[in-house]
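One letter stands for each residue in the lines below.
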Amino acid sequence: MIIRSPSDIPSSEITPEGIYLQRRQFMQSIGVGAALAGLGLPLASAAATKPELAALNYQSVVAKSDNPFYTDEKLASFTDASTYNNYYEFGTDKSDPARYADSLTTDPWSVVIEGDVAKPGKYPLEDIMKLMTLEERIYRLRCVEAWSMVIPWVGFPLADLLKMFEPTSNAKYVEFTTLSRRSEMRGQRSSFSVIDWPYTEGLRIDEAMHPLAFMSVGMYGKVLPNQNGAPIRLVVPWKYGFKSIKSIVKIRFTAVKPKTSWQAIAPSEYGFYANVNPDVDHPRWTQRYERRLPGSLLSPNRIKTQMFNGYGDQVAGLYKDMNLRRNY
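Okay, so let's go over this structure. All figures in this text were calculated on a predicted structure; none of them were measured in a lab. (Residues numbered from 1 in each chain as written. Predicted model: local features only at pLDDT ≥ 70, side-chain atom pairs only at ≥ 80, totals over all residues. Heavy atoms only, no water.)

**Examining unusual backbone geometry**
Backbone geometry follows two general trends: most residues other than glycine have a negative phi, and most peptide bonds adopt the trans configuration. Residues W197 and P198 are joined by a peptide bond in cis, for which omega reads 5°. Within the secondary structure, P198 is located in the loop between α5 (186-189) and β8 (200-204). In the segment running from A230 into P231, the intervening peptide bond is cis, with an omega of 0°. Counting through the fold element by element, P231 comes out in the loop between β10 (222-223) and β11 (233-235). We note that A146 has phi near 75°; this positive angle belongs to a residue other than glycine. By the element assignment, A146 lies in the loop between β5 (135-142) and β6 (147-157). (Helix = DSSP H or I, 4+ residues; strand = E, 2+ residues; numbered from the N terminus.)

**Considering the pairing of strand β7 (residues 173-178)**
Of all the 6 residues making up β7, 6 are buried; the element is thus mostly covered by neighbouring parts of the structure. Residues Y173, E175 and T177 line one face of β7 and the alternating positions V174, F176 and T178 line the opposite face, and both faces are buried. Across 5 bridges, β7 lies against β8 in antiparallel orientation. Within β8, the position partnered with T177 by the bridge is T200. In this sheet, strand β12 (residues 248-254) lies alongside β7 in antiparallel orientation, the contact comprising 6 bridges. Among the inter-strand pairings, E175 is bridged to a residue of β12, identified as R252. (Buried < 20%, exposed > 50% of the residue type's maximum accessible area, 1.4 Å probe, protein only. Pairing = 2+ DSSP bridges.)

**Let's talk about the nonpolar core**
Counting residues in hydrophobic clusters, the biggest one holds 83 residues, and the most contacted among them are W238 and I251. Considering each element in turn, this core owes the most residues, 6 residues, to β6. If we ignore the near neighbours within four places in the chain, the residues touching W238 are E207, H210, L212, A213, N275, V276, F308, N309, Y311, V315, L318 and Y319. (Core = buried A, V, L, I, M, F, W, Y, C linked by side-chain atoms within 4.5 Å. Contact = heavy atoms within 4.5 Å.)

**A look at the packing of aromatic side chains**
With the rule as written, the count across this model stands at 14 aromatic pairs. On the basis of an interplanar angle of 55° and a centroid distance of 4.9 Å, the ring pair of Y123 and F165 is categorised as tilted. With Y123 in strand β4 (residues 121-124) and F165 in the loop between α4 (158-164) and β7, this residue pair connects regions lying 42 residues apart in the sequence. For Y123, a relative accessible area of 23% corresponds to the partly exposed category. Here the aromatic rings of Y173 and F272 are separated by 5.9 Å at their centres, their planes lie at 80°, and the arrangement is edge-to-face. (Phe/Tyr/Trp six-rings, centres within 6.5 Å; stacked < 30°, edge-to-face > 60°.)

Next up, the structure:
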């Protein structure tokens, strides 16, 4: 772990961070440890009264053109990334997560590990964090709705976490489950919700172990805002954004492919693999282009979508000889 002084400016702070939306407290103990504290504030609060998100200690990404964990494309602003997103547990409008997620309690937090592993159990997040070295990844994020951003995440490789629990040879898939807490997540109380809570997602074990698959506990050098999946979420940059499940409370290793939430709702629209593919349109819109944020109605910043979201050199081998239309 590299301990950074307040005067250090990481690459993630190239873009102004705008309005801060919330804080939370959890103990970060890596080597010497660091206390991260804060309070959540609603979106309607005056900007001047909103406290700054607590900074993380992490290794900055290496800014090289051949580094798969880095892109020099323009970052979304912190404001865009934290106020325009999907998190249906708090509502279906893009602004709902930022408006309502301050109700979420993220400390204490534990992750249940079960299934085909040698070390199942319930692990406090602070104990997991003691074993991890945080690093920065600047990834493209492509939503299935055909908008995209570039976001600097802070976290650790998913493989490092999964190996801790020693998956058995029977573990062919990894299933992830989001928190279900109706008292704090208003979207779960909605009579109009189409999701059978809790939200679930899954990866094949080789996808989960791929170096690009990432567990994020922060963004823009600070702890994750509640609305972006605090305190811990998945980031799978070559897949559509709904695969990058938020606020994870359970990880299950299984020999059988799990049925994921959106696949259960509309299997013709949201498949298990959900790899970014400009040649396979959504039934209701084209996937050949995307709207890169920041942008506007009058200036939508429309760009061509790349196969595997531009990560084909790293991940195409995972799908050799697979029909990527049938296995969407």
